[in-house]
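Tertiary structure, described
These are the residues of each chain, in order.
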Amino acid sequence: MTSMPSADAVERSRLDPEPMRRRDFLGLAALWAALGTLLFATLGSLKLVKPGVLPSPSKKFRVTLPESLGPGDPFIAPGRPVVLVRDAAGVYAVSRVCTHLGCIVQPSLSGFDCPCHGSKFAADGAVIKGPAPKPLKWLAVTSLGGGTFVVDEGENVPAGTRVKA
Amino acid sequence: MTTPGQVAAPALRRFADNLRATPRRLRETMFRTGRPDTDRGRSTFVFGNVFLHLHPARVHRWSLRPTFTMGLGIFTLTAFLVATVTGILLMVYYKPSTALAYDSIKDIHFVVPTGRFIRNIHRWSANLMVVGVLLHMGRVFYTGAYRAPREFNWVVGMALLAITLGLSFTGYLLPWDQLAYWAVTIGANIAQSPREVTDALGITAWFDAGGFQKELLLGSDQVGQEALIRFYLLHVMVLPLALVMLLAVHFWRVRKDGGLVRPVDAEARLGPIPAGTYPVFTEAPQKTWSLAALVKGKTPAVGRGPEGTLPSMPHLMYAEMAVFMLACLACVVLSLLSDAPLKELANPAVPENPAKAPWYFLGLQELVSFSAFTGGIGIPTIVLLGLGLIPFLDREEQGTGLWFGGPGGGRLVALSAAFGLAAVVGIEAFAIRFGWIREWWLAAPQLLITAVNPGTVLTAAYGAWSLWAVRRYQSTRAGALALFTCFIVGFVVLTIIGVHFRGPNWQFYWVPSEWPGH
């Protein structure tokens, strides 16, 4: 694609190159334009693949705590990876999604155990044993009264946040 | 020119003759050459056939020795072909929808005529393909076949390895049972695990590569219908197409890079062609030509017969056919012996315990159980990059074409295997017995664990061993031999630990019968 060196090319310095031939310039311009188009088309088509709206089911759900639930006992929301606890200070919800690789942790004597890679968490979600890098998430809870609460799995709150029943 | 009156009868006869000759003519036009019973016939048999013409007309005896290639490339190709055929058959009944997928697999397994057998063959051929790819890589490495001019084909081979694993992984989700659901949940969260680092640095809000990867893979933030259809698309369309295209490049490069590798003194090592060999070239050409400017490889000497080579038809063809039949046999026998598993319907609320990925990912799962990012992305990337760079870092020539060829040779490989074994067993035993940083120091910063965990310690030990080998033998090939052997041993041991010694909650058990009841 480059032109043949002409007779006087030898005397020219590297900093004073021979002007590019128009044909070479147009050819290179076309090549780079084609490559650029291809690159942008590829990046553009990634926009289609990346979802604009997440089709997962609603993150908010309603749950009623049974009267018989003792203080500090974990209550697993039916069908949800969430545990609710009622103690003297109020009610809080902790996500049961392991912060390591997304398995659902199960209640144990010490708090929660992850079945996939052996992480252990305390009852308040703090990591006791690796490989989980972070404590379990605390979730936003709103009280509807009468022992019924709305939990939002999509909204995290600082650990220790409780809501009065 | 003839007049119409004269032509009438002969034309009809000609028509009848043509009709009678049609089967013969069809055969002759399809196969332009006759029986391959002369040198010329054997050659045209190969290059006159579109399916065979990737083969050379003559093949060196070194390449035909069963102990040299062990037929692993053809074995892997056969496994892929079998998986393709059975996969198409399974697609007849399979329905990629979360509501129907599990039932359709159940139908295939219990109702569809021969369905269980075909599904078993599909599963076993996929497994054999993974085994074949890994063994083939080992063969190419240990015979030094990645060296000039074959460097690029080694890189293509790496891509084929990655696609093969991708095919297996995407196929794992399709039955939509507990095994599938939780293995893919873990896989998708490994894709998200760069967050372990970005979270620790506090930059996830601006740069969330992990979240992007997971969303691209699942089309959602959890495994659901979107993920199933994406995995289905990847499994039946995107990855097979990519694989076939790269396979074409891979095979074509084998020819263009001068056929299979062999030592410079292959002919001296082999000696003269044994007396019983048939057929050999009866009329050895007095001259050979090659397009020296266009075709790579050394020009055969003019005036010398092609020593050491035999006609591809029948020697190579029959050898390939034997491997092909053996691979098919292996698929069928294994399918008769062992059924493909199908657990309960996927349940997003209760993980399988233990949740295990396919066996070839369990080595990774073992590493992941120390740090998600290091084990799932960091170390695999280092290993793939390291493997890809081998031909560019080792450019020596000694030992090319010989098993364990190069400085150190078989002794270095044995030593490295012993070192690799000791290192991986020692580190694993330590971590299982004493735990790791988080157990000793609860508040340890995550970045410390990401950087220093049994996986990285093992990688560092292997790297140090390889550097020792480079210095000891003053050879990059020795370093490559040491490192590759260590990693193979590490991979095998971690896989065995993941498959056999890990039970519920990923705890260590000597035998599965010790697992607590469940």
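Predicted model only: the values in this text are computed from it and were never measured. (Residues numbered from 1 in each chain as written. Chains lettered and ligands numbered in written order. Predicted model: local features only at pLDDT ≥ 70, side-chain atom pairs only at ≥ 80, totals over all residues.)

Looking only at helices and strands, one finds one helix and ten strands in chain A. Sequence-ordered secondary structure for chain A, helices as α and strands as β, is α-β-β-β-β-β-β-β-β-β-β. Relative to its length of 165 residues, chain A is extended, with a C-alpha radius of gyration of 31 Å against a globular reference of 15 Å. The buried share of chain A, reckoned over its 165 residues, is 28%. (Helix = DSSP H or I, 4+ residues; strand = E, 2+ residues; numbered from the N terminus. Rg over C-alpha atoms; globule rule 2.2 N^0.38 Å. Buried ≥ 20, exposed ≤ 12 C-beta atoms within 10 Å, placed from the backbone.)

On to the nonpolar core, then. One finds Ala93(A), Cys103(A), Ala180(B), Ala183(B) and Val184(B) to be the most contacted residues of the largest nonpolar core, which totals 126 residues. Considering every element that reaches this core, the biggest residue donor is helix H7 (residues 115–142) of chain B, with twelve residues. Excluding anything up to four places from it in sequence, Val184(B) contacts Tyr172(B), Leu173(B), Val223(B) and Ala227(B). (Core = buried A, V, L, I, M, F, W, Y, C linked by C-beta atoms within 7 Å. Contact = placed C-beta atoms within 7 Å.)

A word on the interface of chain B and chain A. Contacts between the two partners involve 35 residues from chain B, matched on the other side by 24 residues from chain A. Elements with a minimum of two residues in the side of chain B that touches chain A: helix H9 (178–191), helix H10 (194–201), helix H11 (209–218), helix H18 (437–440) and helix H19 (446–451) of chain B. Per-element tally for the side of chain B that touches chain A: the top contributor is H9(B), with five residues.

What follows concerns the domain arrangement of chain A. The domain architecture assigned to chain A consists of domain 1 (7–49) and domain 2 (60–157). Relative placement of domain 1 of chain A and domain 2 of chain A: their C-alpha centres are 58 Å apart. (Domains from an automatic or database assignment.)

Residue and element names in this part refer to chain B. Residue position: Leu-421 is located in helix H17 (residues 409–434). Residues Leu-421 and Ile-488, spaced 67 residues apart in sequence, show a C-alpha to C-alpha distance of 9.7 Å. When residues no more than four places from it in sequence are discounted, the contact partners of Leu-421 are Val-489 and Val-493.

Below, the discussion takes up unusual backbone geometry. Residues and elements named next belong to chain B. Residue Pro-314 follows Met-313 across a cis peptide bond; omega there is 15 degrees. The residue Pro-314 is located in helix H14 (residues 312–337) in this model. Of note, the amide linkage connecting Asn-353 to Pro-354 takes the cis form, showing an omega dihedral of -5 degrees. Assignment of secondary structure puts Pro-354 in the loop between H14 and helix H15 (362–368). Its identity is not glycine, yet Gln-474 carries a phi of approximately 50 degrees, on the positive side. Mapped onto the elements of the fold, Gln-474 is located in the loop between helix H20 (454–473) and helix H21 (476–501). Of note in this structure, Trp-506 is not a glycine but carries a positive phi near 60 degrees. With respect to the helices and strands, Trp-506 occurs in the segment after H21.

On to the sheet that holds strand E6 (residues 112–113) of chain A. All names here are of chain A. In spatial order, the strands read E5-E6-E7-E8; together these four strands make up an open sheet with antiparallel pairing. Each edge of the open sheet carries a strand with a single partner, namely strand E5 (106–107) and strand E8 (127–129). Pairing of E5 with E6 involves two bridges; the strand directions are antiparallel. Each bridged residue has a counterpart across the sheet, and for Pro-107 the counterpart in E6 is Phe-112. (Pairing = 2+ DSSP bridges.)

All names here are of chain B. Parsing chain B into structural domains produces domain 1 (49–260 + 310–347) and domain 2 (404–518). Taken over C-alpha atoms, the centre of domain 1 sits 26 Å from the centre of domain 2. Of the residues lining the interface, eight residues belong to domain 1; the matching set on domain 2 comes to eight residues. Within the side of domain 1 that touches domain 2, the residues separate by chemical class into four nonpolar, three polar and one charged. (Nonpolar A, V, L, I, M, F, W, Y, C, P; charged D, E, K, R; others polar.)

Let's shift gears to the sheet that holds strand E4 (residues 90–95) of chain A. Residue and element names in this part refer to chain A. An order of E1-E10-E9-E4-E3-E2 is seen for the six strands of this open sheet, with the pairing classed as antiparallel. Since the sheet does not close on itself, it has two edges, and those belong to strand E1 (60–64) and strand E2 (74–76), each with one partner. Across the sheet, the mean angle separating the axes of adjacent strands is 30 degrees when strand polarity is ignored. Sheet topology places E1 next to strand E10 (residues 148–157); five bridges connect them, and they run antiparallel. Across the sheet, residue Lys-60 finds its bridge partner in E10, namely Asp-152. (Axes fitted to C-alpha atoms, helices over the stretch in contact; angles between N-to-C directions.)

Next up on the list: the pairing of strand E9 (residues 138–145) of chain A. All names here are of chain A. Note: E4 against E9, two bridges, orientation antiparallel. Considered in E9, the bridge of Ala-93 is made with Leu-139. Bridge count for E9 against E10 is seven bridges, and the pairing is antiparallel. The residue bridging Ser-143 from the neighbouring strand is Phe-149, located in E10. Where E9 hands over to E10, the hairpin turn is made up of two residues, of which Gly-146 adopts a positive phi near 70 degrees.

Looking now at the pairing of strand E3 (residues 82–87) of chain A. Residue and element names in this part refer to chain A. Here E2 runs beside E3; their pairing, made up of three bridges, is antiparallel. Directly across from Pro-74, in E3, lies its bridge partner Val-85. Two successive antiparallel strands, E2 and E3, enclose a turn made up of five residues, where Gly-79 displays a positive phi of approximately 75 degrees. Pairing analysis gives six bridges linking E3 to E4, with the strands arranged antiparallel. By the bridge assignment for E4, Val-82 is matched with Ser-95. The turn linking E3 back onto E4 is made up of two residues.

Here we come to the confidence of the model for chain B. Residues and elements named next belong to chain B. Confidence in the prediction of chain B, expressed as mean pLDDT, is 88, and 93% of residues score 70 or more. Note that pLDDT drops below 50 for residues 301–305; the model gives that stretch seven contacts with residues more than four away or on any other chain. Interface confidence in the predicted complex, given as ipTM, is 0.83; pTM for the same model is 0.89. (pLDDT = per-residue confidence, 0-100.)

With that settled, the discussion passes to the environment of Pro81(A). With respect to the helices and strands, the residue Pro81(A) is situated in the loop between E2 and E3. On the neighbour-count criterion, Pro81(A) (20 C-beta atoms within 10 Å) is buried. Residues in contact with Pro81(A), not counting those within four places in the same chain, are Ser95(A), Arg96(A), Val97(A), Ile104(A) and Ala349(B).

It is worth spelling out the environment of Gly138(B) at this point. With respect to the element layout, Gly138(B) can be found in helix H7. Between the alpha carbons of Gly138(B) and Leu72(B) there is a distance of 9.9 Å; along the sequence they are 66 residues apart.

Working note: a packed helix pair is described by the angle between its axes plus the distance between those axes. Residues and elements named next belong to chain B. The interhelical angle for the contact between H10 and helix H16 (residues 372–393), taken along N-to-C directions, is 120 degrees, at an axis separation of 7 Å. When the axes of H10 and H16 are compared, the pair comes out oblique. Taken together, the residues of H16 that come into contact with H10 (itself represented by Pro-194, Glu-196 and Val-197) are Ala-372, Phe-373 and Ile-377. Residue composition of the contact of H10 with H16, grouped by class: five nonpolar, no polar and one charged. (Parallel < 35°, antiparallel > 145°, perpendicular 65-115°, else oblique.)

Helical geometry note: an α-helix holds 3.6 residues per turn, so side chains three or four residues apart project in the same direction. Given a rise of 1.5 Å per residue, 28 residues ought to cover 40 Å, and the 40 Å separating the end C-alpha atoms of H7(B) matches this to within 8%. Gly144(B), located one to two residues past H7(B), shows a positive phi value of around 65 degrees. (Expected span 1.5 Å × (residues − 1).)

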